[in-house]
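Observations on the model geometry
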Amino acid sequence: MTPTAPASVPFLPWNQPSIGEEEITEVTDTLRSGWLTYGPKAARLEEVVRDALGVQDAFAVSSCTAALHLAFLTLGLGPGDEVITPSLTFCAVPNALLQVGARPVFADIEPTTLNIDPEAATAAITDQTKAIVVMHYGGHPCDLTAFRKLADEHGLILIEDAAHALHASRDGHRAGSVGDLAAFSFYANKVMTTGEGGMLVGRTDLIRVARPLGRHGIDSSAWRRHGQRNTADYEVTVPGLKYVMPDVTASIGLPQFTKLPAFTARRGEIAAVYTAALAGLPGLTLPTTLPGVEHGWFLYSVLIDPAIAPLDRNQVAQALREVHQIGTSAHFKPVHTLTGYRSLITSPLPVTEAAAAQQLSLPCYPAMTDSDVDRVITAMHTLWSS
Ligand SMILES: Cc1ncc(COP(=O)(O)O)c(C=O)c1O
């Protein structure tokens, strides 16, 4: 390995949010307004996301994890229920399923997209199966048509963990618009951010149940009660939790959502430059975009085959970090291999395990300059020629 990057080169992080004056102005406006918690700005963010996706309703919440937990509570999932989901994902879905007492059943993934494989999901259906939770890996939507059909044929609920995929689509369907419910993340590293935040979208009848569950079980929001009737005059219709998005947070989200098409275009541009420049490096598999897909490019995810490439995944990550001052990330440690999950009985997941050992996410975000992109490309070529 040849150390080439001068020590003075600043560290290029794997991810960085793009926050501008618009977000600062909107937050300042909220701080001055006297209304900080869930209110007009959160409601506005719900409207713009709902209208852009063409879904029936949207509920702005404190995180994608909160949205998923609310989804499972809304559906009444609990002990004895099985829910099919991938293991090559973040722990949020399986954690929330276990929190409501339901059992995650992991199905294997497609080797090309790393999305849950419709055939593996079909094979995992039992009499106990109540729902399928798909996850749009890295912003490449799953086969939504196939999963909708599968769910309908078996009388199952379809939920989309669309944390990576706001602004992505497949066969004309926006990610998050096909499931009975879908959850988005506005965490700091996502395609748009509010710092922490999320959105639950989907069928009106379900969102109507989710809303009170996300505000202590109280029948209407404090904002709607405020000034209209005595704030002490409320009813708790169901034992709920506190998951609403504050207006301070929504104020970051409103301009971010306006910028999302431009953010996605820049991510796509970087991905195209990487793909042109890195194609042909031995043992390096670049991301696939299937026909009919508008990729969200949350991740530029590569696979490194240690039998062919000069270095394995961990060695590449270490050299990029220590020699070239470039951050990367891995998505994900398969959930079934995590300590808290080892007692869960899982059928073999060979594609998941093989992909997880080879997967690396390169920096790909709108705040990157062209010279940042060139730095990553040069570093990869240097590693492959050492
Ligand atoms: C696939 C997936 N689902 C859910 C989440 C949870 O999102 P949040 O941090 O907004 O709860 C993440 C976060 O990284 C994720 O990657």
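Within any chain, residue numbers begin from 1 and follow the written order of that chain's sequence. Only residues with pLDDT of at least 70 get local features here, since the model is predicted, and only at 80 or more are side-chain atom pairs given and counted; chain-wide, interface and lining totals rely on the full set of residues. Each side-chain value is derived from all of the structure's non-hydrogen atoms; neither hydrogens nor water enter the calculation.

1. Notes on the sheet that holds strand β13 (residues 359-362)
We treat two strands as partners when DSSP finds at least two bridges between them. A run of DSSP states H or I qualifies as a helix once it reaches four residues; a run of E qualifies as a strand once it reaches two. Both are numbered from the N-terminal end. Taken together, 3 strands build an open sheet; the order of strands is β10-β12-β13 and the sheet is antiparallel. Strands with a single pairing partner mark the edges of an open sheet, and in this sheet they are β10 (284-285) and β13. Contacts were defined at the residue level, with two residues in contact if any of their heavy atoms lie within 4.5 Å. Fitted lines through C-alpha atoms serve as axes, helices being fitted only where they are in contact, and the angles separating the N-to-C directions of these axes extend from 0 to 180 degrees. On top of the sheet, helix α9 (residues 247-278) reaches β10, β12 (300-304) and β13; it is set at about 25° to β12, its chief contact.

2. Let's talk about empty space enclosed by the protein
Method remark: on a 1 Å grid restricted to protein atoms, a set of points is classed as a cavity if a 1.4 Å probe fits but cannot get out and as a pocket if it is open with protein on both sides within 12 Å along at least five of seven lines; lining residues have an atom within 4 Å of a point. Grid points are joined across faces, edges and corners, and a volume is the space filled by probe spheres set on the points. Scanning the entire structure with this criterion turns up 1 cavity of 30 Å³ or more. Empty space within the largest cavity amounts to approximately 60 Å³. In this structure, the largest cavity is lined by 13 residues; those nearest its centre are Pro17, Ser18, Lys190, Val191 and Arg267. Ten residues, namely Ala, Val, Leu, Ile, Met, Phe, Trp, Tyr, Cys and Pro, are considered nonpolar, four, namely Asp, Glu, Lys and Arg, are considered charged, and the remaining ones, Gly among them, are considered polar. Along the lines of polarity and charge, the residues of the lining of the largest cavity split into 6 nonpolar, 5 polar and 2 charged. Residue ranges labeled as domains rest on an automatic or database domain assignment. Counting residues domain by domain, the lining of the largest cavity receives three or more from each of domain 1 (21-258) and domain 2 (260-384).

3. Some thoughts on the packing of aromatic side chains
Working definition: rings of Phe, Tyr and Trp (its six-membered ring) pair if their centres are within 6.5 Å, and the pair is stacked with planes under 30 degrees apart, edge-to-face with planes over 60 apart, and tilted otherwise. Scanning the entire structure with this criterion turns up 5 aromatic pairs. Where tyrosine 137 meets phenylalanine 332, the ring centres are 6.3 Å apart and the plane angle is 85°; that geometry is what we call edge-to-face. Taken as a pair, tyrosine 137 in the loop between β4 (129-135) and α6 (144-154) and phenylalanine 332 in the loop between α10 (313-322) and α11 (350-358) lie far apart in primary sequence, 195 residues in all. Looking at tyrosine 137, the relative accessible area reads 4%, which means it is buried. Between tryptophan 297 and tyrosine 300 the ring centres are 5.8 Å apart and the planes differ by 25°, which places this aromatic pair in the stacked class. Throughout, exposure labels follow a simple rule: accessible area from a 1.4 Å probe, protein chains only, divided by the maximum for the residue type, with under 20% read as buried, over 50% as exposed, and the rest as partly exposed. With a relative accessible area of 0%, tyrosine 300 lands in the buried category.

4. Points about the side chain of glutamate 160
Here glutamate 160 shows up in strand β5 (residues 157-161). Charged residues are defined here as Lys and Arg on the positive side and Asp and Glu on the negative side; His and the ends of the chain fall outside this count. What makes a salt bridge here is a side-chain nitrogen of Lys or Arg within 4 Å of a carboxyl oxygen of Asp or Glu, nothing more. Buried and without a salt bridge, glutamate 160 has arginine 148 as its closest oppositely charged side chain, separated by 7.1 Å. Among the polar contacts listed, one links the side chain of glutamate 160 to the backbone nitrogen of glycine 176, at a separation of 2.5 Å. Each polar contact in these results corresponds to two N or O atoms within 3.5 Å; when the atoms are within protein, one needs to be able to donate a hydrogen and the other to accept it, and residues that are neighboring in sequence are counted only if both atoms are side-chain atoms. At a separation of 2.6 Å, a polar atom in the side chain of glutamate 160 contacts the main-chain amide nitrogen of glycine 179. Residues within four places of glutamate 160 in sequence aside, it is in contact with Val134, His136, Leu144, Ala175, Gly176, Ser177, Val178, Gly179, Leu181, Ala182 and Ala183.

5. Quick notes on unusual backbone geometry
Apart from glycine, the bulk of residues carry a negative phi angle, and the bulk of peptide bonds sit in the trans form. Across the junction of histidine 331 and phenylalanine 332, the peptide omega takes the value 10°, indicating a cis bond. If you check the backbone angles, histidine 167 has positive phi at about 85° while not being a glycine. By the secondary structure assignment, histidine 167 is in the loop between β5 and β6 (169-170). By relative accessible area, histidine 167 is classed as partly exposed at 24%. Notably, histidine 216 is not glycine yet its phi reads approximately 70°, a positive angle. By the secondary structure assignment, histidine 216 is in the loop between α7 (204-213) and α8 (222-225). By relative accessible area, histidine 216 is classed as partly exposed at 39%.

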